[in-house]
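# A closer look at the structure
Given next are the chains, with one letter for each unit.
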Amino acid sequence: MAPVVAGGAFPVQAKEPTPEHSHRPQAPEGPSEDVPWTQGPGRPEDIPDAAVVLNQRIITRESLDSSVPAALKLKKRIKRFALDNELDHLPLGDIVAVAMDEWLSTWGF
C-alpha cells in the first residue's frame, strides 16, 4: 500500500490504481432508456489527484448538496472512524470529495 501523503490534514493516500480499481466498469452498449449517459473518454488530464488537492493548505471549495439514506448511518460511522483512528477533525466534505472522485474516475469521467 502507498504511503499517506505527508504534511496534510486529511489521511488520503497517493496511490497507483490497485488491480480491482485499475479497470473501468463496462458501459452499456449503445443508447439505452435505462442509462441516460454513456462512459466518457476518461478522467480529464487537468483534474489533479484528490490527495494532492486535499493536502494543500488553502483550497477553494464549492458546495455539493445531497442527502443520503439514513439507514446507512453514514454520519455515525464517520464519527466512529475518526474516533477509532484518533483523528481530531475529519471534514465530511473531504470524504465525499474522495469518494466521488474515485467513483467518477472509475467510470472514466
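Below you will find a few notes about this structure.

Conventions adopted
- Each residue is numbered by its place in its chain's sequence as written, counting from 1.
- pLDDT decides what is reported in this predicted model: residues at 70 or higher carry local features, side-chain atom pairs at 80 or more are listed and counted, and totals for whole chains, interfaces and linings draw on all residues regardless.
- Neither water nor hydrogens contribute to the side-chain values; these are computed over all heavy atoms in the structure.
- For helices the rule is a DSSP run of H or I covering at least 4 residues; for strands it is a run of E covering at least 2, with both sets numbered from the N terminus onward.
- Burial classes: relative accessible area under 20% of the type maximum marks a residue as buried, over 50% as exposed, and values in between as partly exposed (1.4 Å probe, protein chains only).
- The contact criterion used is simple: two residues touch if any of their non-hydrogen atoms lie within 4.5 Å.
- Accessible areas in this description were obtained via Shrake-Rupley with a 1.4 Å probe; residue shielding takes into account the shown protein chains only.
- Between the first and last residue of a helix there are one fewer steps than residues, each counted as 1.5 Å, and that sum is the expected span.
- Cavity: a set of points on a 1 Å grid over the protein atoms alone where a 1.4 Å probe fits but cannot get out. Pocket: an open set with protein on both sides within 12 Å along at least five of seven lines, its lining residues, like those of a cavity, having an atom within 4 Å of a point.
- Grid points are joined across faces, edges and corners, and a volume is the space filled by probe spheres set on the points.
- In the scheme used here, Gly and all other residues not listed as nonpolar or charged are polar, with Ala, Val, Leu, Ile, Met, Phe, Trp, Tyr, Cys and Pro taken as nonpolar and Asp, Glu, Lys and Arg as charged.
- Only residues whose relative accessible area exceeds 30% and that form no salt bridge enter a patch; like-charged residues are grouped when within 9 Å of one another, and nonpolar side chains (Val, Leu, Ile, Met, Phe, Trp, Tyr) when within 5 Å.
- Salt bridges are counted wherever a side-chain nitrogen of Lys or Arg sits within 4 Å of a carboxyl oxygen of Asp or Glu.

### Concerning the overall build of the protein chain
Check the secondary structure of the protein chain and you find three helices and zero strands. N-terminal to C-terminal, the α/β element order of the protein chain is α-α-α. By residue count, 13% of the 109 residues in the protein chain fall in the buried class. Taking all contacts inside the protein chain whose residues are at least 6 apart in sequence as the whole, residues at least 24 apart take part in 66%. A total of about 9200 Å² of accessible surface is found on the protein chain, and carbon and sulfur atoms cover 58% of it.

### Things to note about helix α3 (residues 92–106)
Given 3.6 residues to a turn, an α-helix orients residues that are three or four positions apart in the same direction. For α3, spanning 15 residues, the distance from its first C-alpha to its last is 21 Å, which sits close to the expected 21 Å at 1.5 Å a residue. Among the residues trailing α3, G108 stands out with phi positive, at a value near 90°.

### Some thoughts on the layout of surface pockets
Put simply, the largest pocket is a space of about 1200 Å³. Forming the boundary of the largest pocket are 35 residues, of which L64, G93, V96, A97 and M100 lie nearest the centre. Every element with two or more residues in the lining of the largest pocket is listed here: α1 (50–54), α2 (74–84) and α3. When its residues are assigned to classes, the lining of the largest pocket shows 22 nonpolar, five polar and eight charged.

### Brief notes about a nonpolar patch on the surface
Taken together, L64, L92, V96, M100, W103, L104 and F109 make up a surface patch of nonpolar side chains, about 630 Å² in accessible area. Among the structural elements, L92 can be located in helix α3.

### Overview of the environment of D101
Within the secondary structure, D101 sits in helix α3. Judged by relative accessible area, which is 17%, D101 ranks as buried. Separated by 54 residues in sequence, D101 and I47 have C-alpha atoms that sit 9.7 Å apart. Those residues in contact with D101 that lie beyond four places of it in its chain are R43, I47 and A50.

### Describing unusual backbone geometry
Despite not being glycine, K73 has its phi angle at roughly 50°, a positive value. Tracing the backbone shows K73 in the loop between α1 and α2. The exposure class of K73 is exposed, given its relative accessible area of 51%.

### Observations regarding the pattern of salt bridges
One pass over the full model with this rule turns up two salt bridges. A salt bridge links D94 to R61, with the shortest nitrogen-to-oxygen separation between them at 2.8 Å. Note that D94 is positioned in helix α3 and R61 in the loop between α1 and α2, a separation of 33 residues in sequence. The class of D94 is buried, set by a relative accessible area of 4%. By relative accessible area, which is 52% here, R61 ends up exposed. Close ionic contact of D84 with R80 constitutes a salt bridge, the shortest N to O distance being 2.5 Å. Placement of the pair is D84 and R80 together in helix α2, with a separation of four residues, close to one helical turn.

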